[in-house]
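Each chain is listed here by its residues.
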Amino acid sequence: MTVVIGFEGSANKIGIGVVRDGIVLSNPRRTYITLPGHGFMPSDTAKHHRSCILDVLHEALMEANISPREIDCVAYTKGPGMGAPLLTTAIVARTVAQLWNKPLLGVNHCIGHIEMGRLITRAQNPTVLYVSGGNTQVIAYSEHRYRIFGETIDIAVGNCLDRFARVLKISNDPSPGYNIEQMAKKGRAFVALPYSVKGMDVSFSGILSYIEDAAYKMLTSQEYTPEDLCFSLQETLFSMLVEITERAMAHCGSQEVLIVGGVGCNVRLQEMMNVMCKERGAQLFATDERFCIDNGAMIAQAGWEMFRSGQVTSLDQSWITQRYRTDEVEVIWRN
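Residues numbered from 1 in each chain as written. Predicted model: local features only at pLDDT ≥ 70, side-chain atom pairs only at ≥ 80, totals over all residues. Heavy atoms only, no water.

K.L.:
Even after reading the chapter, I still don't get the pairing of strand β5 (residues 73–79), so can you show me in this structure?
P.N.:
The side chains of a regular strand alternate between the sheet's two faces. Burial within β5 is extensive, with seven of its seven residues counted as buried. Here four bridges tie strand β1 (residues 3–8) to β5, and the two strands are oriented parallel to one another. By the bridge assignment, Phe7 is partnered in β5 with Tyr76. Direction of pairing for β5 relative to strand β6 (residues 104–108): parallel, over a ladder of five bridges. The partner of Val74 across the bridge, within β6, is Leu104. With helix α2 (residues 83–100) bridging β5 and the parallel β6, this β-α-β connection has right-handed handedness. (Buried < 20%, exposed > 50% of the residue type's maximum accessible area, 1.4 Å probe, protein only. Helix = DSSP H or I, 4+ residues; strand = E, 2+ residues; numbered from the N terminus. Pairing = 2+ DSSP bridges. Right-handed = clockwise from strand over helix to strand, strands pointing away.)

If you want it as structure tokens, here you go:
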């Protein structure tokens, strides 16, 4: 049996998970939450991670009921992500690996999401829609790489939602995207917004600028409610994502879709994607907030795959990088 502990801290969540041969033994995490109308700064986020990472580590070990000597490898998020939080997490992972005399593995954050999704849903060879606060990509596996078929050319879909939540002063607890989702359920009127699909790619910055500028006039005139705007923004953004995912499926001849990333637990996105899948005779796979949202177990699972295929990261190569594309990683653990 191979046991891997994974450290994730690329954004506002710090999580540590333990995985043993495809079984998640523990997966605690903490979230840095700011006041309504505010985002999270890298330095403040790193300070939050430093304040609680050892408590999360202790909780992960206690919940998994294992000791350090039973762990075979220490995995950590190498990137992409925010520099200061990534560095904080990497330093602790490197220290733990040396204290416990264990091999170290730097993991691509995006690959972590994909491998956790494959583990939980048992999807075989899906077209992957990866949607989060920092990334928006349509991905398919081919010849030992996760190939990017389409992506955002500016901001991520989660960032678009989060920034609109600041305009409306929506609470960041538990997350702005979740609160927009709940408000959107009460929306009754649809506002036509720019729809920007460029081949296999999407653009969200123009939509955000438009609705940011229009929101004040629409709301003060009482023509539309905040719930209407949340509903309209979600419907428009998610329609774009479904379109490029379907196009990638057609290109690959795929009959499976796997949604991963923090935005992936949005029920409305899953509903819209499921309609498209049923029309194509395909199957949709998705997970809930335990595994869609950034967590340590996903890094442990990707690390488990990498470690079992013979990969390790030497200490002098154990840096972090804010830019680390999904298709840079050679996926030697898949046939």
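K.L.:
Please clarify how the environment of Asp162 should be interpreted in this entry.
P.N.:
With respect to the helices, strands and loops of the structure, Asp162 is situated in helix α4 (residues 157–167). A relative accessible area of 22% means that Asp162 is categorised as partly exposed. With 143 residues separating them in the primary sequence, Asp162 and Val19 have C-alpha atoms 31 Å apart. Contacts of Asp162, omitting those with residues within four sequence positions, involve Pro176 and Gly177. (Contact = heavy atoms within 4.5 Å.)

K.L.:
Would you mind showing me how to read the packing of helix α1 (residues 42–64) against α2 here?
P.N.:
The packing of two helices is summarised by the inter-axis angle and the distance between the axes. One way to put it is that α1 packs onto α2 with a least axis distance of 8 Å and a crossing angle of 35°. For the crossing formed where α1 meets α2, the hand is right-handed. On the side of α1, the interface is formed by Pro42, Ser43, Thr45, Ala46, His49, Arg50, Ile53, Leu57 and Leu61, while α2 contributes Ala84, Pro85, Thr88, Thr89, Val92, Val96 and Trp100. Here the residues of the contact of α1 with α2 sort into 10 nonpolar, five polar and one charged. (Axes fitted to C-alpha atoms, helices over the stretch in contact; angles between N-to-C directions. Left-handed = near helix turned anticlockwise from the far one by under 90°. Nonpolar A, V, L, I, M, F, W, Y, C, P; charged D, E, K, R; others polar.)

K.L.:
What's the story with the packing of helix α3 (residues 109–121) against helix α10 (residues 296–308) in this structure? I'm lost.
P.N.:
At a closest axis distance of 8 Å, the pairing of α3 and α10 adopts a crossing angle of 90°. With respect to α10, the axis of α3 lies roughly perpendicular. Here α3 contributes His109, Ile111, Gly112, His113, Glu115, Met116 and Leu119 to the contact with α10, which in turn contributes Ala297, Met298, Ile299, Gln301, Ala302 and Glu305. (Parallel < 35°, antiparallel > 145°, perpendicular 65-115°, else oblique.)

K.L.:
What exactly am I supposed to notice about α2 here?
P.N.:
At 3.6 residues per turn, the α-helix brings residues three or four places apart onto the same side. Spanning 18 residues, α2 covers 26 Å between terminal C-alpha atoms, matching the ideal 26 Å at 1.5 Å per step. Within the span of α2, buried status applies to Gly83, Pro85, Leu86, Thr88, Thr89, Ala90, Val92, Ala93, Arg94, Val96 and Ala97. Immediately beyond the C-terminal end of α2, within one or two residues, lies Asn101, with a positive phi of roughly 60°. (Expected span 1.5 Å × (residues − 1).)

K.L.:
I'm lost on unusual backbone geometry in this one. Help?
P.N.:
When glycine is set aside, most residues are seen to have a negative phi, and most peptide bonds are trans. A cis amide bond, omega -5°, links Gly79 with the succeeding residue Pro80. As for its position among the elements, Pro80 is in the loop between β5 and α2. Of note, the bond from Asp173 into Pro174 is cis; its omega dihedral lies within 30 degrees of zero at 0°. For Pro174, the position within the fold is in the loop between α4 and α5 (176–184). Of note, the phi angle at Arg122 is positive, near 65°, even though the residue is not glycine. Within the secondary structure layout, Arg122 lies in the loop between α3 and β7 (127–131). Classification of Arg122 by relative accessible area gives exposed; the value is 56%.

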